[in-house]
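Summary of structural features
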Number of protein chains: 2
Amino acid sequence: MIQPSTDAPSGARQSTLRTTNLALVLRTVCASARPLSRSDVAVATGMTRATAARLVDELVAGALLDEAERDPLPRRGRPATPLLPGARFGALGLHIDAGLLAARVLDLRGRVVGERVEQRDLRGSDPTGTFARLGALTAELLADLPAGLRVVGAGLAVPGVVDEAAGVLLRAPNLGWSDLGTAELLHACVPGGLEVVLGNEADLAARTVADEAPGRAGPHRDFLYLSGQIGIGGAVVLDGQVVTGSSGWAGEVGHVCVDPGGPACSCGSTGCLELYAGRHAFLRAAGLPLEATSGELAELARAGDPAAAGAVETGAWALGVALAGVVNVVGIPTVVLGGHLAELADLLRPPLEEHLARRVLSARWRRPRILSAQGPSAAGASGAALRALDQVLADPARWLG
Amino acid sequence: MIQPSTDAPSGARQSTLRTTNLALVLRTVCASARPLSRSDVAVATGMTRATAARLVDELVAGALLDEAERDPLPRRGRPATPLLPGARFGALGLHIDAGLLAARVLDLRGRVVGERVEQRDLRGSDPTGTFARLGALTAELLADLPAGLRVVGAGLAVPGVVDEAAGVLLRAPNLGWSDLGTAELLHACVPGGLEVVLGNEADLAARTVADEAPGRAGPHRDFLYLSGQIGIGGAVVLDGQVVTGSSGWAGEVGHVCVDPGGPACSCGSTGCLELYAGRHAFLRAAGLPLEATSGELAELARAGDPAAAGAVETGAWALGVALAGVVNVVGIPTVVLGGHLAELADLLRPPLEEHLARRVLSARWRRPRILSAQGPSAAGASGAALRALDQVLADPARWLG
DNA sequence: GCCTTATGTTTTGAGGGAAAACAAAAGGCG
DNA sequence: CGCCTTTTGTTTTCCCTCAAAACATAAGGC
């Protein structure tokens, strides 16, 4: 018997055409660095002006696009009406990490509409209390939002492995949490009706590098993102898309083996990258207390402190071995350092690039490059909001009613 | 100025709807393990019977689908007309490897219509002569094909890194070839008008595991494929798609570092996986001549030969360290062993699964599994043909004229 | 003040799928 | 044997969406 095939691709009908093109128009406007006119949209998409204008009108009516003030630049011809992504659509991004709590709202233009960030040591904390505090921050933030903003979705970034579908945090060693169902905790955290999607911090932070605004591609589309918090998480980004795999277990770069004869790791393996280039490993090797920041370590190393310089040296070597393996497998020679590694990027870059040049097979053809993530702290919060906004870009028709 | 954006997604029109649905119908029939009727297609795709039937009729008229004999099974209702992928469409897959030359033609049903495989030591061979020999095999093969078969495309699998767009073989250490432009060599190799697309052997061989016939998914959709030839190539398969990255440099598992303090590799790095689990490494460790086969090694190890057993032990250990890293990064716990590793799979599995269980972070949740590729030799040839046939599935309208 | 230019809108037409009725080919059953 | 039921496949009618082309609008240039 043939099933109606719940997930199988279903036949395209007239309405599919419509929603597809509606989404295309919205994405085209979002993707542009400068405001487009209806005519620009027609040219960019290959539609006729009539069709493009009709779709734009519909999106403007639904506030998914805004008509901006006319450009007073003196040009020939009828003046165009510039279009911008709708400022009245926003999404909530939350972030829990070992050292901070954050709640941030981004709008469709990628602007921060409001945020609350709180430094706080959450290692070994009680989930209930932490979610309550996050709920308080969120309530404050939402109360301060400009009137008329539609919050269309929410996401929570956590430093660990998640089962997104089930909303379960499987393992977050830095928080000391595991197998934590978040549905109820989150339900108490945000206003009812707003669903919060769980996500891995590194995956979401990588989005802020891949996209500089909802639907607008950043300068790098293929890269490996390293999120150095206490451990080291990672995300592979191919053509602007985070490769998440069939489950949440991708990107555990911190547990790539650097030296099989090395020390035992808490994960059960030996010689994991985290033991050489994790935050604590850096600080311990530099003789600093675990409360010190990576900025302090960097300053010491730059000042010529031998222990700090040695810590950087060792970290760069370990990163070189592990990242060379990853680059050889995924074939992407661009690595973006985030989290605490971003603060050390300038120091790590020269030795790390040298190690990669030697160990990466393709180095002679395309020399591996090390970049550092620029964005604000709690990038996971922004990434979570971006992901929620991507829903709107994927199916604008849903939000027109 | 807004450009007509050559590669940007262009607006969907009525005809897009048509080609999309045409492709959907063809893929639906191909994906099914048993023949579908027009009515089945309608149910599976969610279209009306009228629409599905019209599209099927068009595909049948173009020979992309065949109407099979009616099933004589006594059932109520008007008897259905079973549909099968068109047997008159085929593609040519070629394969050059260190130890063999192969040419094979598959049809849309995934059947081998004809093949020529020749064992031959091609290490350090002259490209011109080798391509000439491959051309001779191909000419023989094509001459023997049943009349009326339309060969719609061709592919060539090579054990090395390729630039598919440019048709350049950048690096194939086992053949001793590098920076080899293949366009002219291939032009002389196959009949004019047939374009041959270059591809990496491991990527293409992985397709034969992901798809058991054109458009029909195999039992595993997410896995890491290891192609043990002389070196070790690999491919990551996610949701049935080979992840090739932005260039051809993905999948070089053989040069993942297993021990940074290990011996120097010809690639410039140290302690690469190939030095422990490459074909030659196995044979050398077992005290066998380099001409011996992996089957002989396996037999010795099973018979209790200590050197052979040690070689397997060491290889499993090295594979464990390297694959654990890959599994931790891509989050896929299924590994399919191909090439010479397939012959050793039964021996490697127990120790390798044990190493992975210890070193893979997700092992407690999803225990890593080791499988061995079943298919015929020269899987790259089949994969190359499958890829060429996928063009037809992607845009059947092109082949209706 | 008229022409040129670019943008935006309206009108008309064609293509493709949906819905529903219709036709066909078998078994079931009195 | 003849009629009903069931399933498949076909035909007809209608609606939706986009294309094409003409038209309207709002500016600068001369």
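Residues numbered from 1 in each chain as written. Chains lettered and ligands numbered in written order. Predicted model: local features only at pLDDT ≥ 70, side-chain atom pairs only at ≥ 80, totals over all residues.

A word on the overall build of chain A
Across its full length, chain A carries 13 helices and 17 strands. For 401 residues, the compact-globule estimate of 2.2 N^0.38 gives 21 Å, and chain A sits close to it at 23 Å. Reported as C-alpha extents along the three principal axes, the dimensions of chain A are approximately 65 × 60 × 50 Å. A fraction of 63% describes how many contacts in chain A between residues 6 or more apart in sequence connect residues 24 or more apart. (Helix = DSSP H or I, 4+ residues; strand = E, 2+ residues; numbered from the N terminus. Rg over C-alpha atoms; globule rule 2.2 N^0.38 Å. Contact = placed C-beta atoms within 7 Å.)

Focus: the protein's contact with DNA strand C
DNA strand C sits among 28 residues. The nearest are Arg38, Ala50, Gly77 and Arg78 of chain A together with Arg78 of chain B. The set of elements that each furnish at least two residues to the surface near DNA strand C consists of helix H2 (38-45) and helix H3 (49-61) of chain A together with helix H1 (14-31) and helix H3 (49-61) of chain B. Residue contributions to the surface near DNA strand C peak at five residues, all from H1 of chain B. Considered class by class, the residues forming the surface near DNA strand C number eight nonpolar, 12 polar and eight charged. (Near = placed C-beta within 6 Å. Nonpolar A, V, L, I, M, F, W, Y, C, P; charged D, E, K, R; others polar.)

Things to note about H3 of chain B
Working note: α-helix, 3.6 residues per turn, so residues spaced by three or four point in the same direction. All names here are of chain B. Here H3 spans 18 Å end to end across 13 residues, near enough to the 18 Å set by a 1.5 Å rise per residue. Against the buried residues of H3 lie H1, helix H2 (38-45), strand E1 (65-67) and strand E2 (83-85). The positive-phi residue at the C-terminal boundary of H3 is Ala63, with phi of around 70°. (Expected span 1.5 Å × (residues − 1).)

Description of the relation of the copies chain A and chain B
Note on the copies: chain A fits chain B at an RMSD of 0.1 Å, the axial shift is 0.0 Å, and the rotation between them is 180°. The operation mapping one copy onto its partner corresponds to a two-fold rotation axis. If distances are taken from each C-alpha of chain A to the rotation axis, the shortest is found for Asp259 of chain A, at 2.9 Å. Mapped onto chain B, 100% of the interface residues of chain A are again interface residues, and the two copies thus contact each other with one and the same surface. (Least-squares fit on C-alpha atoms with pLDDT ≥ 70 in both.)

Side note on the sheet that holds strand E9 (residues 177-181) of chain B
Residues and elements named next belong to chain B. Pairing is antiparallel across the open sheet formed by three strands, whose spatial order is E7-E8-E9. At either end of the open sheet lies a strand with only one pairing partner, and these are strand E7 (161-163) and E9. Taken pair by pair, the neighbouring strands of this sheet meet at an average axis angle of 10°, ignoring direction. In this structure, strand E8 (residues 168-172) lies alongside E9, joined through four bridges in antiparallel fashion. What sits directly across from Val168, in E9, is Gly181. (Pairing = 2+ DSSP bridges. Axes fitted to C-alpha atoms, helices over the stretch in contact; angles between N-to-C directions.)

Brief notes about the sheet that holds strand E5 (residues 112-119) of chain B
Residue and element names in this part refer to chain B. What the five strands build is an open sheet, ordered E5-E4-E3-E6-E10; its pairing is mixed. Only two strands of the sheet have a single partner each, and these edge strands are E5 and strand E10 (196-200). Between one strand and the next, the sheet's axes are offset by a mean angle of 15°, whatever the strand orientation. Summarising the sheet, strand E4 (residues 100-107) and E5 pair through seven bridges and their orientation is antiparallel. From the neighbouring strand, Val105 faces E5, where its bridge partner is Gly114. Contacting strand E3 (89-97), E4, strand E6 (150-158) and E10, helix H13 (residues 379-394) runs over the sheet at an angle of about 145° to E3.

So, the protein's contact with DNA strand D
Close contacts around DNA strand D come from 28 residues, with Arg78 of chain A together with Arg38, Ala50, Gly77 and Arg78 of chain B the closest. Residue assignment for the surface near DNA strand D shows that the elements contributing at least two residues are helix H1 (14-31) and H3 of chain A together with H2 and H3 of chain B. Residue composition of the surface near DNA strand D, by class: eight nonpolar, 12 polar and eight charged.

Looking at the interface of chain A and chain B
Facing the 56 residues of chain A at the interface are 56 residues of chain B. Going through the elements one at a time, H1, H2, strand E14 (232-238), helix H10 (306-330) and helix H12 (345-359) of chain A are the ones with two or more residues in the side of chain A that touches chain B. Among the elements that take part in the side of chain A that touches chain B, H10 of chain A stands out by supplying seven residues, more than any other. Class assignment of the residues belonging to the side of chain A that touches chain B gives a composition of 30 nonpolar, 20 polar and six charged.

Remarks on the packing of helix H9 (residues 294-302) of chain A against H10 of chain A
Residues and elements named next belong to chain A. Axis separation between H9 and H10 bottoms out at 7 Å; the angle between their running directions is 110°. Considering the angle they form, H9 stands roughly perpendicular to H10. Note that H9 runs across H10; the crossing there is left-handed. When H9 is examined against H10, the residues Leu297, Leu300 and Ala301 are found in contact with a partner set consisting of Ala308, Ala309, Ala311 and Val312. (Parallel < 35°, antiparallel > 145°, perpendicular 65-115°, else oblique. Left-handed = near helix turned anticlockwise from the far one by under 90°.)

What to know about the domain arrangement of chain A
All names here are of chain A. Under the domain assignment used here, chain A contains domain 1 (14-85), domain 2 (89-208 + 379-399) and domain 3 (217-372). Each of domain 2 and domain 3 has a C-alpha centre, and these two points are 26 Å apart. In this assembly, 18 residues from domain 2 lie in contact with 16 residues from domain 3. If you list the elements that add at least two residues to the side of domain 2 that touches domain 3, you get strand E7 (161-163) and helix H6 (201-210). Among the elements that line the side of domain 2 that touches domain 3, the one with the most residues is H6, at six residues. Partitioned by chemical class, the residues of the side of domain 2 that touches domain 3 number 10 nonpolar, two polar and six charged. (Domains from an automatic or database assignment.)

Observations regarding the nonpolar core
Core analysis: the largest hydrophobic core is formed by 264 residues, its most contacted members being Leu94 and Tyr225 of chain A together with Leu94 and Tyr225 of chain B. Those residues in contact with Leu94 of chain B that lie beyond four places of it in its chain are Ala102, Ala103, Leu134, Thr138, Ala154, Gly155, Leu156, Ala157, Val196, Ala381 and Ala384 of chain B. (Core = buried A, V, L, I, M, F, W, Y, C linked by C-beta atoms within 7 Å. Buried ≥ 20, exposed ≤ 12 C-beta atoms within 10 Å, placed from the backbone.)

What about the environment of Phe131 of chain B?
Residues and elements named next belong to chain B. The residue Phe131 is located in helix H4 (residues 127-143) in this model. Residue Phe131 is classed as buried on the basis of its 24 C-beta neighbours within 10 Å. Residues Phe131 and Arg171, 40 residues apart in the sequence, show an inter-C-alpha distance of 17 Å. When sequence neighbours within four positions are dropped, the list of residues in contact with Phe131 reads Leu185, Ala188 and Cys189.

Describing helix H6 (residues 201-210) of chain B
Extensive coverage of H6 of chain B is indicated by the burial of 10 of its 10 residues. For H6 of chain B, the set of buried residues is Glu201, Ala202, Asp203, Leu204, Ala205, Ala206, Arg207, Thr208, Val209 and Ala210 of chain B.

As for the packing of H1 of chain B against H3 of chain B
Residues and elements named next belong to chain B. Contact pair H1 / H3: the axes reach a minimum separation of 10 Å and the direction vectors enclose 80°. The angle between the axes of H1 and H3 places the two elements in the roughly perpendicular class. The residues of H3 that touch H1, namely those facing Asn21, Leu22, Val25 and Leu26, are Ala52, Leu55, Val56, Glu58 and Leu59.

Side note on the environment of Asp346 of chain A
Residues and elements named next belong to chain A. As for its placement among the helices and strands, Asp346 is situated in helix H12. Looking at Asp346, the number of C-beta atoms within 10 Å reads 14, which means it is partly exposed. Residues Asp346 and Ile370, spaced 24 residues apart in sequence, show a C-alpha to C-alpha distance of 9.2 Å.

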